[in-house]
Amino acid sequence: MNYKLLGRSGLKVSELCLGTMGFGTEAGWGADKDTSFAIMDAYANAGGNFLDTANIYKLGTSEKIIGDYMSHHDRDYFVLATKYTLKDNTTNPNASGNSRKNMMRSVEESLKRLKTDFIDVLYLHIWDDITPIDEVLRGMDDLIKQGKINYAAISDTPAWVVAKGNTLAELMGWSQFIALQVEYSLLARTAERELIPMAKHFGMTVTPWAPLAGGALTGKYLRGDKGRIKPESKRLNSRAEAITKVVVEIAQELGVSESHVALNWTRQQGFSCIPIVGATKVDQLLDNLKTVEVALNDDQLKRLNDASAIELGFPGDFFKEEGVRANTFGGFYDKVEKR
Ligand SMILES: NC(=O)c1ccc[n+]([C@@H]2O[C@H](COP(=O)([O-])OP(=O)(O)OC[C@H]3O[C@@H](n4cnc5c(N)ncnc54)[C@H](OP(=O)(O)O)[C@@H]3O)[C@@H](O)[C@H]2O)c1
């Protein structure tokens, strides 16, 4: 396992992040405590140090399992990321949302469940479209000053909001968001329109969630195996099936697992990217860890890109039009260095 820097920070995180949304058996799926411990053991033994959880995962059970694990292991070795925003209860209007009040409350509850006195990376989980973004950054900066969190990050938020936040933080001398968590996989590429170019501009690391599309891209549903995805999900529709078939084809050519192909496609897009891989069984994790030993060649990347292509729409596709380029660059487009 190699280590990458998380965004514009000196924080070293392993090149695969372990998603722990499946720690706990609530809602009829997931890993029990013993299996979750075994998954974390296998991950740490391979050099993994970056764990992703949230206050809401399995109604707090994911954080509790990690907390129990941390009390018997070297807390300092791990880079623990959690999130705030989603409801802890439905009786208090301030027990959900992006507000400073909910942030402070949620972090205190997470610290208790995680049995630690600091969180390494705190993500805003999902944008509520009402809280001013300066309230969020100021709150996270205060938590950093209090030593309760080390870094600020953000997930599932429009690009313009994140951009405004990081620009304000720079002007105010607050800590900026260093990582951007978004759904990103061969089945879900819309983050390429605005979010990923924005992350590149700010030097943020993109941490894709569901990089295996919840398991669809492993090809197991094509083989008739079962998993947590419901048959009516768009992750199993005809478009998804056609893309997954290309993944299976390339995996067979390389003699590797489908997950290695799907995960490496996210890792080989030319921007800082650390996929958050979920696993509910030790074997799945051990398989996924081998991803770092595999690389896709240009031809394989092109076949995957072609099979999963989306329209960027306006303005992305407009900028690529020949006439627009001719006018914007006066015929020098091919001779000018690009960012
Ligand atoms: N910020 C957000 O809004 C957000 C949203 C969702 C997730 N997340 C984070 O992202 C992480 C990953 O998301 P995810 O679990 O939805 O996506 P994922 O990594 O695409 O899918 C994980 C699932 O795929 C299956 N799987 C994994 N490895 C496999 C293998 N080698 N062979 C066969 N099946 C395999 C397992 O499903 P089965 O259990 O069905 O076998 C596993 O639960 C989460 O744990 C969480 O930390 C964040």
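Throughout this description, residue numbers start from 1 for each chain and increase along the sequence as written. Totals for whole chains, interfaces and linings use every residue, but because this is a predicted model, local features are given only for residues with pLDDT of at least 70 and side-chain atom pairs only at 80 or more, for both listing and counting. Water and hydrogen atoms were dropped before computing side-chain values, which therefore reflect all heavy atoms in the structure.

**What to know about the pattern of salt bridges**
Basically, it comes down to this: The working definition used for a salt bridge is a side-chain nitrogen of Lys or Arg within 4 Å of a carboxyl oxygen of Asp or Glu. A helix here means a DSSP run of H or I that spans at least four residues, while a strand means a run of E at least two residues long, and both kinds are numbered starting from the N terminus.
As enumerated under the stated definition, the model contains 20 salt bridges in all. With a shortest N-O distance of 2.7 Å, Asp306 and Lys302 are connected by a salt bridge. Here Lys302 and Asp306 lie together in helix H10 (residues 298–308), a separation of four residues that amounts to about one turn. Each of Glu249, Glu253, Asp299 and Arg303 takes part in one network of salt bridges that share partners.

**A short note on the sheet that holds strand S10 (residues 276–278)**
Here is the rule we go by: Pairing between strands is defined by DSSP: at least two bridges between them are needed. All axes here are fitted lines through C-alpha atoms, helices being fitted over the stretch that makes contact, and every angle between N-to-C directions spans 0 to 180 degrees. Residues count as neighbours in contact if any of their non-hydrogen atoms are within 4.5 Å of one another.
If you trace the eight strands from one edge of the open sheet to the other, you get S9-S8-S7-S6-S5-S4-S3-S10, paired in parallel fashion. Looking at the sheet topology across the chains shown, the edges are occupied by strand S9 (205–209) and S10. When strand polarity is set aside, the average angle formed by the axes of neighbouring strands in this sheet is 30°. As judged from the four bridges shared by strand S5 (residues 79–84) and strand S6 (residues 119–124), these two strands associate in the parallel manner. The residue bridging Lys83 from the neighbouring strand is Tyr123, located in S6. Across the face of the sheet, helix H1 (residues 33–45) comes into contact with strand S3 (17–19) and strand S4 (50–52) while running at roughly 175° to S3.

**Topic: unusual backbone geometry**
Working note: non-glycine residues mostly have negative phi, and peptide bonds are mostly trans. For the bond running from Phe314 to Pro315, omega is 5°, close enough to zero to count as cis. Its location among the elements puts Pro315 in the loop between H10 and helix H11 (316–320). The phi torsion at Asp156 lies on the positive side, around 45°, for a residue other than glycine. Relative to the helices and strands, Asp156 resides in the loop between strand S7 (149–155) and helix H5 (159–172).

**Thoughts on the site of the ligand**
Where we set the bar: Summary of the distance rule: residues count as near a molecule or strand when at least one heavy atom falls within 4 Å of that molecule or strand. Distance and chemistry together define a polar contact, namely a pair of N or O atoms within 3.5 Å, with one atom able to donate a hydrogen and the other to accept it when in protein, and with adjacent residues in sequence counting only for side-chain atoms on both sides. Per-residue and other accessible areas follow the Shrake-Rupley method at a 1.4 Å probe size, with only the shown protein chains counted as cover for residues.
Near the ligand lie 29 residues; those nearest to it are Asp52, Asp156, Leu212, Lys220 and Arg228. In the environment of the ligand, an oxygen atom lies 2.9 Å from a nitrogen or oxygen atom belonging to the backbone of Gly214. Bound to the protein, the ligand loses 92% of the 910 Å² it would expose on its own. Every element with two or more residues in the shell around the ligand is listed here: S10 and helix H9 (282–289).

**So, the packing of helix H3 (residues 100–114) against helix H4 (residues 133–145)**
Note the threshold: By convention, the crossing between two helices is left-handed when the near helix turns anticlockwise from the far helix through less than a right angle, and right-handed when the turn is clockwise. Here the nonpolar group is Ala, Val, Leu, Ile, Met, Phe, Trp, Tyr, Cys and Pro; Asp, Glu, Lys and Arg are the charged ones; every other residue, Gly included, is treated as polar.
Across the interface, H3 lies against H4 with an axial gap of 9 Å and an inter-helix angle of 35°. The handedness of the crossing between H3 and H4 comes out as right-handed. Contacts between H3 and H4 involve Arg100, Met103, Met104 and Val107 from the former and Glu135, Val136, Arg138, Gly139, Met140, Asp142 and Leu143 from the latter. The residue makeup of the contact of H3 with H4, split by class, is six nonpolar, one polar and four charged.

**Brief notes about the nonpolar core**
What counts, and what does not: The criterion is simple. A nonpolar core is a set of buried Ala, Val, Leu, Ile, Met, Phe, Trp, Tyr and Cys residues joined through side-chain atoms within 4.5 Å. Three exposure classes are used, based on accessible area relative to the maximum for each residue type with a 1.4 Å probe and protein chains only: buried under 20%, partly exposed in between, and exposed over 50%.
One finds Phe50, Met140 and Phe177 to be the most contacted residues of the largest nonpolar core, which totals 94 residues. In this structure, Met140 is in contact with Tyr84, Met103, Leu122, Tyr123, Leu124, Ile149, Ala152, Ala153 and Phe177, ignoring residues within four places of it in sequence.

**A word on the domain arrangement of the protein**
Counted only if it meets this: In this entry, domain limits derive from an automatic or database-based domain assignment. Buried surface area refers to the total accessible area, computed with a probe of radius 1.4 Å, that the two partners give up upon joining, counted for both partners together.
We note that the domain assignment places domain 1 (3–308) and domain 2 (310–339) within the protein. The straight-line distance from the C-alpha centre of domain 1 to that of domain 2 is 33 Å. Of the residues lining the interface, seven residues belong to domain 1; the matching set on domain 2 comes to four residues. Surface buried jointly by domain 1 and domain 2 totals about 430 Å² across both partners, of which 55% is contributed by carbon and sulfur atoms. Inspection of the domain 1/domain 2 interface yields zero salt bridges. At the junction of domain 1 and domain 2, the tally comes to two residue pairs in polar contact (both at pLDDT 80 or more). Its residues assigned to classes, the side of domain 1 that touches domain 2 comprises no nonpolar, two polar and five charged.

**Here's the deal with the side chain of Lys83**
Residue placement: Lys83 occurs in strand S5. From its side chain, Lys83 meets the backbone oxygen of Thr53 in a polar contact 3.0 Å long. If sequence neighbours within four positions are ignored, Lys83 has contacts with Asp52, Thr53, Ala54, Asn55, Tyr57, Ser106, Leu122, Tyr123, His125 and Gln181.

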